[in-house]
Amino acid sequence: MVSVISLVLLGVVLVIHTLIAAVMTRFFRIRLKTQWGSVIYALLLIPLVLGVTTLVFFGVLGISGGLTLGTPSLLGLAIGMPLALGFTIDVLYIPSPDEYELPETR
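Residues numbered from 1 in each chain as written. Predicted model: local features only at pLDDT ≥ 70, side-chain atom pairs only at ≥ 80, totals over all residues. Heavy atoms only, no water.

1. A closer look at the overall build of the protein
Within the protein one finds three helices and zero strands. Listing the helices and strands of the protein from first to last along the sequence gives α-α-α. A compact globule built from 106 residues would reach a C-alpha radius of gyration of about 13 Å, whereas the protein, at 16 Å, exceeds it by more than 25%. Overall, the protein is about 60 × 25 × 25 Å in size when its C-alpha atoms are taken along their principal axes. (Helix = DSSP H or I, 4+ residues; strand = E, 2+ residues; numbered from the N terminus. Rg over C-alpha atoms; globule rule 2.2 N^0.38 Å.)

The structure is reproduced here in structure tokens:
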């Protein structure tokens, strides 16, 4: 049976993963000059980072939330959903990096 604490910890992990995905998407959009380059890096590197943190949270720390490590539902919930949410938050709700004017450097 799943306890309330494990569900709360699962929610915290999902929020952390969404934050990681949004920040990494923003970083790739700022640093890479092409539009497709940032999308490709976001789709390849962010799931890798989320996979490692999933192994840490669910394997080492033992936060289960009723899910076992390696099941498709865990991968979809801990990697797929935060990836989609973080990418959507960055692309739709945060202004594009081109809209900011930076001061000139010497």
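2. Let's talk about the nonpolar core
Of all hydrophobic cores here, the largest spans eight residues; its members are Ala-21, Met-24, Phe-28, Ala-42, Ile-46, Leu-50, Ile-79 and Leu-83. One finds Val-13, Phe-58, Ile-63 and Leu-74 within the second-largest nonpolar core, a separate group that totals seven residues. (Core = buried A, V, L, I, M, F, W, Y, C linked by side-chain atoms within 4.5 Å. Buried < 20%, exposed > 50% of the residue type's maximum accessible area, 1.4 Å probe, protein only.)

3. A few points about the pattern of salt bridges
Across all of its chains, the model carries two salt bridges by this definition. Between Arg-26 and Asp-90 there is a salt bridge whose closest N-O contact spans 2.8 Å. Within this pair, whereas Arg-26 is found in helix H1 (residues 4-31), its partner Asp-90 is found in helix H3 (residues 72-93), the two being separated by 64 residues in sequence. The buried category is assigned to Arg-26, whose relative accessible area is 14%. According to the relative accessible area criterion, Asp-90 is buried, its value standing at 0%. Across the pair Arg-29 and Asp-90 runs a salt bridge, and its minimum N-O distance is 3.2 Å. One end of the pair, Arg-29, is in helix H1; the other, Asp-90, is in helix H3, and 61 residues separate them in sequence. (Salt bridge = Lys/Arg side-chain N within 4 Å of Asp/Glu carboxyl O.)

4. Considerations on the packing of H1 against helix H2 (residues 35-60)
Contact geometry for H1 and H2: axes closest at 10 Å, N-to-C directions at 150°. Relative to H2, the element H1 is oriented roughly antiparallel. As H1 runs across H2, the sense of the crossing is right-handed. Only Ser-38, Tyr-41, Ala-42, Leu-45, Ile-46, Val-49, Leu-50, Thr-53, Thr-54, Phe-57 and Phe-58 of H2 make contact with H1, whose side of the interface consists of Leu-10, Val-13, Ile-16, His-17, Ile-20, Ala-21, Met-24, Thr-25, Phe-28 and Arg-29. (Axes fitted to C-alpha atoms, helices over the stretch in contact; angles between N-to-C directions. Parallel < 35°, antiparallel > 145°, perpendicular 65-115°, else oblique. Left-handed = near helix turned anticlockwise from the far one by under 90°. Contact = heavy atoms within 4.5 Å.)

5. Describing H2
Its 26 residues place the ends of H2 37 Å apart at the C-alpha level, agreeing with the 38 Å of an ideal helix rising 1.5 Å per residue. In H2, a bend of some 30° at Ala-42 exceeds every other bend along the element. Here the buried face of H2 lies against H1 and H3. Positive backbone phi, approximately 75°, marks Gly-62, located one or two places after H2. (Expected span 1.5 Å × (residues − 1). Bend = angle between axes of the 7 residues up to and from the residue.)

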